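# A closer look at the structure
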Amino acid sequence: MSFNKVVIFGVGLIGGSFALALKKAGAAAQIVGVDRIHDSLVRAKELGIIDQAASSVADAVQGADLVLIATPVAQTAAILAAIKPHLQPGMIVTDAGSTKSDVVAAAREVLGEQVAQFVPAHPIAGREMNGPDAALADLYQGKKAVITALKENAAEDVARVATAWRLCGAIIHHLTPAEHDQVFAAVSHLPHLLAYALVDDIARKPHADRLFQYAASGFRDFTRIAGSSPEMWRDISLANRDAMLEELDAYTAKLAVLREHLAASEGPAIEAIYANAQRARHNWISAIEAAEKQNKEGGD
């Protein structure tokens, strides 16, 4: 066993999948769940995601060697405050939040000198479904897990968190909190904002039913992520507001250029933008496929 007792705050998609993956790997002797929604704990127990539903934070973290916070990022400070009185030497606390600068700031404020025991991380995986029933044992298989270690973290604690995610099948990457937030504002947070905005715009039109009637696979693929948790993405948007505003301004400027070309019927200019985007996407997919092949061959 890599871990004797693992505690998970938030037993939905992210936390539940972490638990199932560790169970599949035989890497945790006991997994305890904590969740503000009692029915989620009951369901997680029924599904075998957790071994025990904690009655209190004190009971949950007693004797734990790893604690994962897998809740919307706005809840992080309150959860850390609840854990702090029971934080024992050797216990590692980590998270799965999609923003890191705000989480690190909250950890420093709440934990003080004990912040060394908090190792921030972010698994790059998800689905548009929520709750314990959405959890999958292989959700993290072949996916990236980014660790944004603090200068206070002991190397062995960072390694333990990396081990946990490797046992889930993830590939470990390292960024600073600021680097993480800038990157994901562009490639994750902004796309979610755009998907939500498009679906909301169409849903509010007087002929929305007719529009949705004819929406096909392209619309479904583009807007898939708008099925994600509104609460979670509200918190992410506000937590990474500055970086998101930069990316939104850049995207708005690109849309303005496209609008000018369209208004002037400038076909070659429009095609040039489309072609550059197509080329970039093809290169990106090819790089992903090459990396997946290399990882598979390495595993074999």
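It should be noted that the structure appears before, not after, this text.
Below, the structure is looked at part by part.

## A closer look at the packing of aromatic side chains
Throughout the structure, instances matching the rule amount to three aromatic pairs. Ring centres of Tyr140 and Trp165 lie 5.0 Å apart, and the angle between their planes is 80 degrees; this geometry places the pair in the edge-to-face category. Here Tyr140 is found in the loop between β7 (121-123) and β8 (144-147), whereas its partner Trp165 is found in helix α6 (residues 155-167), with 25 residues between them in sequence. Trp165 matches Tyr140 in its accessibility class, with the two residues each being buried. On the numbers, 6.1 Å between centres and 70 degrees between planes, the contact of Phe212 with Phe219 is edge-to-face. Residue classification places Phe212 among the partly exposed positions, given a relative accessible area of 34%. Chaining the aromatic ring pairs together yields one cluster made of Phe18, Tyr140 and Trp165.

## Examining helix α11 (residues 241-263)
Counted at 1.5 Å a residue, the expected span for α11 with its 23 residues is 33 Å, and the 32 Å between its end C-alpha atoms agrees. Taken residue by residue, α11 has Ala243, Met244 and His261 as its buried positions. In the segment just after α11, Ser265 is the residue with positive phi, at about 55 degrees.

## Some words on the sheet that holds strand β9 (residues 171-174)
On the basis of which strands lie adjacent, the open sheet formed by three strands has the order β7-β8-β9 and mixed pairing. Strand pairing shows two members of the sheet lacking a second neighbour, β7 and β9, which therefore form its edges. Geometrically, the sheet is characterised by an average inter-axis angle of 20 degrees between neighbouring strands, direction not taken into account. Note: β7 against β8, three bridges, orientation antiparallel. Bridged to Ala121 within β8 is Ile147.

Cut-off values and rules
Residues numbered from 1 in each chain as written. Predicted model: local features only at pLDDT ≥ 70, side-chain atom pairs only at ≥ 80, totals over all residues. Heavy atoms only, no water. Phe/Tyr/Trp six-rings, centres within 6.5 Å; stacked < 30°, edge-to-face > 60°. Helix = DSSP H or I, 4+ residues; strand = E, 2+ residues; numbered from the N terminus. Buried < 20%, exposed > 50% of the residue type's maximum accessible area, 1.4 Å probe, protein only. Expected span 1.5 Å × (residues − 1). Pairing = 2+ DSSP bridges. Axes fitted to C-alpha atoms, helices over the stretch in contact; angles between N-to-C directions.

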